[in-house]
Amino acid sequence: MVIESASRLHSYAGFLLLGVAASTSLTSTSPWAVLWTTPCIIVASMLIAWGAESAQFFVAQGFALAILAWMQTLPEFAIEAVLAWRQQTPLLLANLTGALRLLTGLAWPMIFITAAVMHKRRDKTYLLKIHLQRHHSVEVLGLILPLFYALVIWWKGKLAIYDSAVLIALYAAYLLVLTKLPPEESEGIEDLEAIPRAIVTAKPVRRNLAIAGLFIAGGTLIYFTAEPFLGSMVALATAFGIPSFVIIQWLAPVISEFPELASTFYFARQDEKAPVALMNIVSSNVNQWTLLVAMLPIVLSLSHGHPTALVFDAEQKSELILTIAQGLTGLVFLLNMEFAWWEALAMLALFLAQFVLPHTPITIIFGVWSAAGLLHFLIRRPPHNAFASFAKTWRAHVS
């Protein structure tokens, strides 16, 4: 049973929600508003995540993960839409780079650590690598073009409307390939949490109403909460003398992405689902490097009333190149269709180092490491690699 039409409907509703959220105003808010806006954002994210997990159960795993990742990060999209609409250009890159570095630098290692701890408890042996399946090559290689186009954007020093068109086209191509993959028979009801499991096992009418209800409820909460949540973050930063850039870059993404991280770690507890958990986050990386980045100049232009490019200053370029370098290193790690323990620890160590060291040396480390890793990959040419796996997947399901 496939409900792709429902998934498309949910995506359309999501884009409508972003437009509505962007129309709100970023006004002065009390720091105390964080006490009610933060729980609302978390609850909204959980409702959307439950709806997405229920809907994705009936379609191909890769396509399901893409839809799931997009819907789970909808609060992040709403926050960026509000910032763009209110022309808060210094904060746009703060939230974007913070969310992306959080996903790659913290979520990837924590998935491995969660899987390793549960593996040790269950089998009394150490987990050295998470092995990806052949069709996961679509998600892995789906990162290549967005990351390299991000380098072009960084080199230009601005993000324009035509960049949005390119990035949306890249995501559309990525999603098109994923729709060609068959459903995964290994997806069992027992892998779902209690609420999505109850929805999936319900009769079709009740199931669809429940999924729609979760999206509507979550979207309504985001609509009424996104603007005061951002306002409370800025007010909190001012009250404690912390730069708004820091609060928006780190605290806001942690809150908006928390339910996605929690559900992903739930999957990571099982050996056979650890690769799915990792690919869930990789799918989030892909949609944020494409759709989220593409949205910024579009909403900014609508706010100005004419085409407007987002021009980066020196600090924003520094944040962007560090985020790109981190993403490229993570991509190189996955090209052999494995994620090893030392790679997870290295990503975590460098993620933590950015809070105590200047960006430049960390960016250089990432850059040198990704270049050396790519060279080693090309020399070694492991038989089970992302390019070979993608070619087999393409021949089997696409061409």
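All of these numbers come straight from a predicted model, not from anything done at the bench. (Residues numbered from 1 in each chain as written. Predicted model: local features only at pLDDT ≥ 70, side-chain atom pairs only at ≥ 80, totals over all residues. Heavy atoms only, no water.)

1. Remarks on the environment of Ala386
Filter applied, for reference: Strands are runs of DSSP state E lasting at least 2 residues, helices are runs of H or I lasting at least 4, and numbering of each runs from the N terminus. We call two residues contacting when some pair of their heavy atoms lies within 4.5 Å.
Relative to the elements of secondary structure, Ala386 occurs in helix α16 (residues 386-397). Separated by 50 residues in the primary sequence, Ala386 and Asn336 have C-alpha atoms spaced 6.1 Å apart. Apart from residues lying up to four places away in sequence, Ala386 is in contact with Ser137, Val140, Leu141, Leu335 and Met337.

2. Quick word on the nonpolar core
For clarity, the threshold we go by: In these notes, a set of buried Ala, Val, Leu, Ile, Met, Phe, Trp, Tyr and Cys residues joined through side-chain atoms within 4.5 Å is what counts as a nonpolar core. Only protein chains enter the calculation, and the probe is 1.4 Å; a residue is then buried if its accessible area is under 20% of its type maximum, exposed if over 50%, and partly exposed in between.
Residues Ile130, Trp289, Leu334 and Phe339 are the most contacted members of the largest nonpolar core, which totals 101 residues. Among the elements that take part in this core, helix α12 (residues 274-304) stands out by supplying 16 residues, more than any other. Residues in contact with Phe339, not counting those within four places in the same chain, are Trp108, Pro109, Phe112, Leu128, Lys129, Ile130, Leu278, Phe333, Leu334 and Ala344.

3. Observations regarding the packing of α12 against helix α13 (residues 314-334)
Applied cut-off: Axis geometry follows a simple rule: fit a line to the C-alpha atoms, using only the stretch in contact for helices, then measure angles between N-to-C directions, giving values from 0 to 180 degrees. Roughly parallel covers angles under 35 degrees, roughly antiparallel covers those over 145, roughly perpendicular covers 65 to 115, and oblique covers all other angles. We call a crossing left-handed when the near helix sits turned anticlockwise from the far one by less than a right angle, and right-handed when that turn is clockwise. Residues are grouped as follows: Ala, Val, Leu, Ile, Met, Phe, Trp, Tyr, Cys and Pro are nonpolar; Asp, Glu, Lys and Arg are charged; every other residue, Gly included, is polar.
Their axes nearest at 13 Å, the elements α12 and α13 cross at an angle of 140°. Overall, the two elements α12 and α13 adopt an arrangement that is oblique. Crossing hand, α12 versus α13: left-handed. The residues of α13 that touch α12, namely those facing Leu278, Met279, Val282 and Trp289, are Leu320, Thr323, Ile324 and Leu334. Its residues placed into classes, the contact of α12 with α13 shows 7 nonpolar, 1 polar and no charged.

4. Examining the confidence of the model for the protein
Filter applied, for reference: One confidence number per residue, pLDDT, is output by the predictor and ranges from 0 to 100.
Counting all residues, the mean pLDDT for the protein is 82, and 84% of those residues have values of 70 or more. Per-element confidence in the protein ranges from a low mean pLDDT of 39 for helix α1 (residues 4-22) to a high of 97 for helix α7 (residues 144-156). For residues 1-27, every residue scores under 50 in pLDDT, and the model assigns this stretch 52 contacts once sequence neighbours within four places are set aside.

5. Digging into a nonpolar patch on the surface
Put simply, the test is: Each patch is built from residues lacking any salt bridge and having more than 30% relative accessible area; the joining distance is 9 Å for like charges and 5 Å for nonpolar side chains (Val, Leu, Ile, Met, Phe, Trp, Tyr). Per-residue and other accessible areas were derived by the Shrake-Rupley procedure at a 1.4 Å probe size, with only the shown protein chains allowed to occlude residues. Here a salt bridge means any side-chain nitrogen of Lys or Arg lying within 4 Å of a carboxyl oxygen belonging to Asp or Glu.
On the surface, Tyr126, Leu128, Trp341, Trp342 and Leu345 cluster together into a nonpolar patch covering about 600 Å² of accessible area. With respect to the secondary-structure elements, Trp341 resides in helix α14 (residues 341-353). In this structure Trp341 comes out as partly exposed when scored by relative accessible area, which is 42%.

6. So, the packing of aromatic side chains
Quick reminder of the rule: Paired rings are identified among Phe, Tyr and Trp, the last through its six-membered ring, by centres lying within 6.5 Å, and are further divided according to the angle between planes into stacked (under 30 degrees), edge-to-face (over 60) and tilted (the rest). Only when the NZ atom of a Lys or the CZ atom of an Arg is both within 6 Å of the ring centre and within 35 degrees of the ring normal do we say a charge sits over the ring.
Within this structure, the stated rule accounts for 11 aromatic pairs. The interplanar angle of 85° and the centroid separation of 5.5 Å between the aromatic rings of Phe351 and Phe355 together place this pair among those described as edge-to-face. Grouping aromatic residues by their ring pairs yields a cluster made of Trp108, Phe112 and Phe339. When the ring centre of Tyr126 is taken as origin, the NZ or CZ atom of Lys120, which lies over that ring, is 5.1 Å away. The aromatic ring of Trp154 is capped on one face by Lys317, whose charged end is 5.2 Å from the ring centroid.

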